[in-house]
Every structure is written in C-alpha cells, then in structure tokens.
Amino acid sequence: MDERTKMLEKYSSRVYRNRKEHVIQIEEEGANPGIMANTRSVPGIMTNRGCCYAGCKGVVLGPLKDVAVITHGPIGCGFYSWGTRRHKGKCEDGRNFLEYCFSTDMQEPDIVFGGEKKLKQAIAETVEIFNPKCIMICSTCPVGLIGDDIHAVASWAEKEYGIKCIAFSCEGYKGVSQSGGHHIANNGLMRHVIGTGDAPPAKRYSVNILGEYNIGGDGWETSRILKRIGYDVISVFTGDGSYEDIKNAHTANLNLVQCHRSINYIAEMMKTKYGIDWIKVNFIGLTATCESLRNMAKYFGDKELIDRTEEVIADELAAIHDEVEYYKGKLKGKTAGIFVGGSRSHHYQNLLADFGVETVVAGYEFAHRDDYEGREVIPDIKEDADSKNIEQITVEPDPSKYREMLSPDEYEEKAKEIPLEQYKGMIREMKKGAMVVDDFNHFETEELLKYYKPDLFFSGIKDKYVIQKSGVVSRQMHSYDYKGPYAGFKGAVNFARDVAMSLYTPAWGFVTPPWKTKPMLQGKLAGGDK
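Summarised in this report is the structure supplied together with it.

What counts and what doesn't
- Residues numbered from 1 in each chain as written.
- Predicted model: local features only at pLDDT ≥ 70, side-chain atom pairs only at ≥ 80, totals over all residues.
- Heavy atoms only, no water.
- Helix = DSSP H or I, 4+ residues; strand = E, 2+ residues; numbered from the N terminus.
- Rg over C-alpha atoms; globule rule 2.2 N^0.38 Å.
- Buried < 20%, exposed > 50% of the residue type's maximum accessible area, 1.4 Å probe, protein only.
- Contact = heavy atoms within 4.5 Å.
- Areas by Shrake-Rupley, 256 points an atom, 1.4 Å probe, with all protein chains shown as cover.
- Lys, Arg positive; Asp, Glu negative; His and termini not counted.
- Charge placed at Lys NZ, Arg CZ, Asp CG, Glu CD.
- Patch = residues over 30% accessible without salt bridge, like charges linked within 9 Å, V, L, I, M, F, W, Y side chains within 5 Å.
- Salt bridge = Lys/Arg side-chain N within 4 Å of Asp/Glu carboxyl O.
- 1 Å grid on protein atoms, 1.4 Å probe; cavity = no way out; pocket = protein on both sides within 12 Å on 5 of 7 lines; lining within 4 Å.
- Points joined across faces, edges and corners; volume = space filled by probe spheres on them.
- Nonpolar A, V, L, I, M, F, W, Y, C, P; charged D, E, K, R; others polar.
- Axes fitted to C-alpha atoms, helices over the stretch in contact; angles between N-to-C directions.
- Parallel < 35°, antiparallel > 145°, perpendicular 65-115°, else oblique.
- Left-handed = near helix turned anticlockwise from the far one by under 90°.

### Observations concerning the overall build of the chain
Point 1. Within the chain, the secondary structure is distributed over 20 helices and 14 strands.
Point 2. For a compact globule of 530 residues, the expected C-alpha radius of gyration is about 24 Å, and the chain comes in at 24 Å, within 12% of that figure.
Point 3. Dimensions of the chain, computed from the C-alpha atoms along their principal axes, are close to 80 × 65 × 45 Å.
Point 4. When burial is assessed residue by residue, the chain has 57% of its 530 residues classed as buried.
Point 5. Put simply, 76% of the contacts in the chain that link residues at least 6 apart link residues at least 24 apart.
Point 6. Here the chain displays about 23300 Å² of accessible surface, and carbon together with sulfur accounts for 51% of that area.
Point 7. Computing the positive centroid from 68 side-chain charges and the negative centroid from 75, the chain places the two 5 Å apart.

### A closer look at a nonpolar patch on the surface
Point 1. A cluster of nonpolar side chains, I111, V112, F113, L145, I146 and Y173, forms an exposed patch at the surface whose accessible area comes to about 650 Å².
Point 2. Taken together, the elements giving at least two residues each to the nonpolar patch come down to α5 (108-113) and α7 (141-146).
Point 3. For the nonpolar patch, the element with the most residues is α5, which contributes three residues.
Point 4. Mapped onto the elements of the fold, I146 is located in helix α7.

### Quick notes on the layout of surface pockets
Point 1. If you add up the space inside the largest pocket, you get close to 810 Å³.
Point 2. What lines the largest pocket is a set of 34 residues, among which H183, Y265, H368, E383 and Q392 lie closest to the centre.
Point 3. Every element with two or more residues in the lining of the largest pocket is listed here: α9 (178-192), α12 (260-274) and α16 (369-373).
Point 4. When the residues that make up the lining of the largest pocket are grouped by side-chain class, the tally is ten nonpolar, 14 polar and ten charged.

### Overview of the packing of α9 against α12
Helix packing for two helices is described by the angle between their axes and how far apart those axes are.
Point 1. Close contact between α9 and α12 brings their axes to 8 Å; oriented N to C, the two are set at 30°. Between α9 and α12, the interaxial angle falls into the category roughly parallel. The handedness of the crossing between α9 and α12 comes out as right-handed. Note on element contacts: α12 touches α9 through R261, S262, I263, N264, Y265, I266, M269, M270, K273 and Y274, opposite S179, H182, H183, N186, N187, L189 and M190.
Point 2. Along the lines of polarity and charge, the residues of the contact of α9 with α12 split into eight nonpolar, seven polar and two charged.

Dropping the structure here:
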C-alpha cells in the first residue's frame, strides 16, 4: 500500500471524497498528473490557509512602504496581517509606514450602527499625523456583512484631502483562500495606480520585479545583482515598493514574475494594456538564478548584455564557491518536505537541489491548478461559485502608452528558448514516489512525517512548532525565522548556513513529549458514581 492510500484511508468517507483529488503521488518523473486545487477547505479540518483579506492586505498591499494601508475591521485582523511578516523597506522622504498598524478597531456598536464614520475619522487622523501620498482601505468580514461603502468613503477622502485613496473590498470570506485577495489587490493597482505616473520612458534594459515581497531582504539582493549587470529596476511589486514607483511601472521594458500565483494577473493585464512582455523567473537557488539571468539577457538579445551577464554570474559564483562546497558536504543526501504558499514550494526545491537535498513531499496552501500543472491547463479550469466572487476586470491597449518590444516573429522565436508568458508548474520537477498535497492540514503533515521521515521540513508559522515537537528540523519560510536574505547567490549561502545549523543542532530530537510516556487525559463515564 503506497503512502497516499495509507494517509487517505484514515479519513471518513465524506472527507475522503473531498481530499483524494488534492493528494497525488508521482508515479513517473516528468509526468503531469492532474490535481484539484483552489476549492473550499473541508470545514473543521485544521488547514494552514489564510483568508482573502490576508492575501490582499497582508501579502500584496502591506509591503508598500509609502502607503498608509488602513484595515477597516477589528484590530485582530489588522495585527495578524502586519505583525507576522518581514517585508522590509528603506525609508525615503521620511515616509515608511511599515512599522505602523493602521486599523479602525471596529467594536460592537460599529457593527450595529455602521462604521463609515469611524473610517472617516481614521483617515483624517492618518492624514494629520502621517501625511501619506496614498491611503488604501482594506475591508474585513464584518464590513461586507453590514454594508459599509468603503468606496464612497475613499472618494470622499480624495476630494477632502487631495490625496489618492483606494478602497479594496477584500472581506475574508471572499474566495477560498489568500489567492482571492491577491486578485483583488492586482485589480485595484491596475485600475488606480499603474500607468498614472508621468515619468519619461525608461532605459532599454529596464524591468519590473513582480511577486517579490522582500522577505528578509530578498528583493534587495535580487536588485543588487540586476543593477550590477546593468538593468534599471523601475519598480518592485511590492517588497520595498512604493506608490510613486508603481505609478511608472508602465515605462519598463520587461516584467519579471517571481511569485506566479500572487501577481500573474498584473503581468497579463500589463501585457494587454501596455505591451510589456513577461517571463517567469526564480531568483531562489544558484542554478535557477543563473538560468533566470540568462533568459533575461536572451530576451533583450544584446551581445554586450549577454557577456556582462556571464561575467557577473562567474564572479558571484567564484565568491561563494568554497562555502557552497562546504555546505554541500553537510547537506547532500538529506531529504525535505516543503509546504508554503505562493511559488516558494517550487522555488525552494531548486535551492535545496543545489545542495544535494531531495524534496520528497511538497504542496501549496492556496495554489491554483496552473501552479502545479503549468499554464497550459488554464483553459480547462472550470470556475466554481467561489471563484466568481472575485471580479474579473478587462483592460484594453492604452492608445498613448502601448508599445511592442518584439515583433510577432521575434516573439515566436524568443518563446522557443525562454519562458515568455510560460510557467510549467511544480509537478513536472518532482521525483518518482514524491507526494504532492494541495491545501495540506495538520493531520496530513503528521502522517507525512511518519511515512517519509524527512530530515528537514519547511513550512509556515501555523505548523512550525508541531513539526519541531515531532523531532524534525523545521524552518519557517513565510518570514525566514528572522533570517535572510535567501535570494540570489549570497542568499543561497545564507540559506545553507541556517539549514545546516538547524540540522546539526537537533534540540527537539532530544525532547520526549510527556504524552508519549504517560496519559495526559483523564475522564469518567457520565452519570456514574465512579
């Protein structure tokens, strides 16, 4: 009996019917079996997902350093989406609001009588104290239920204070996970921010980095490498990003998509509206970083840029060669499990492979089928009722700002050798026998630890300590356990160092939980005397 069958047979028949299509075991390397994704979690199961609001405010909008993002809702929602992430940002012009948690702190009377008055008060205080160039309002579940019109309040604020104010109806119950919030945030940025700047056309080798949230400084390290080669980074969506930069994102000549799930909507819309091509990149891992840099140079097709790319790659690799070889000796032959959101479960398999670590189980919290199987399956994905809660906006070519970087023939030639608007997904790179699990939960995590016995397990905040207390080394990939950066060449060494230290200091493996040696629960039959 394989591991998949062993795990699923422990479910009730109802849960089994739901979960069986979300769990697959790779039978042949390079194969692409289908998987179910982006559907509702089973009620009562301890899923690791977040909500629609968390995806909009916590992931996409939260890292914007010069924007005051106000959570219209209870304070717990605002704190959750602010206090657990490490999207760093450098202060410019005295405006860096990442240290602050803006919330209307809705109470019971606000739920009963409405919270629009309180939202206006919060905006007035924000303008008076912080004087931001832009305010964004993110609504949580109670707001959608009671019907506060945050868009009307945003319009009022723009007229009252003469600043940009944008509302995002991203109530937590919309969609089935964070993914819905990503889409809503993408729509809002596309409608109200991108293309509103008046900067002149950028340099020829100019790029936007999409889906980079600067966790632990990843975005800074990626930008350092790109600028060293000669690229002009126009904007980053949205780690260390700013409202002012994103306004002029339409002037870039190429979009680089790092996190496919959270930002592919903007990449597609910018292609339609401004003619900017996009390629899928991965700056996590040595091999992946080299490949991404070479693909970028091939897109522009300039020999001088291609040569400069190779020079920088050679220099960066030479600088870390000894450390890489040292940590390969420490990590080669180990196995790992990875369950993270976004594209990280795929990206980190590449980085682990650079150090000889094989990924045996992997999955996403909020992926869609194309994140697993590749973008060619998008036409076959059927929308359910939950997906229809998220607005699909349509854009048209901008008559004054649209431009084609490549002719149709040039585009076809480039697409044969680089991932132009392509993404093959995670499954194709998984080894035979490996398990892929969508929307994993705590029960399945514990079962997979028993069956595969991985040496390392990379996950998120909610299940890190469950894994550690099982005696398995666990690294937290949502905020890097307060370490990083892990991107690029230097980041790969940082990652290997942190993993090796964890692996060779297995403190949790020496601890025996008390429930393994004696019963922790006591009880008696109801109605009995004894």
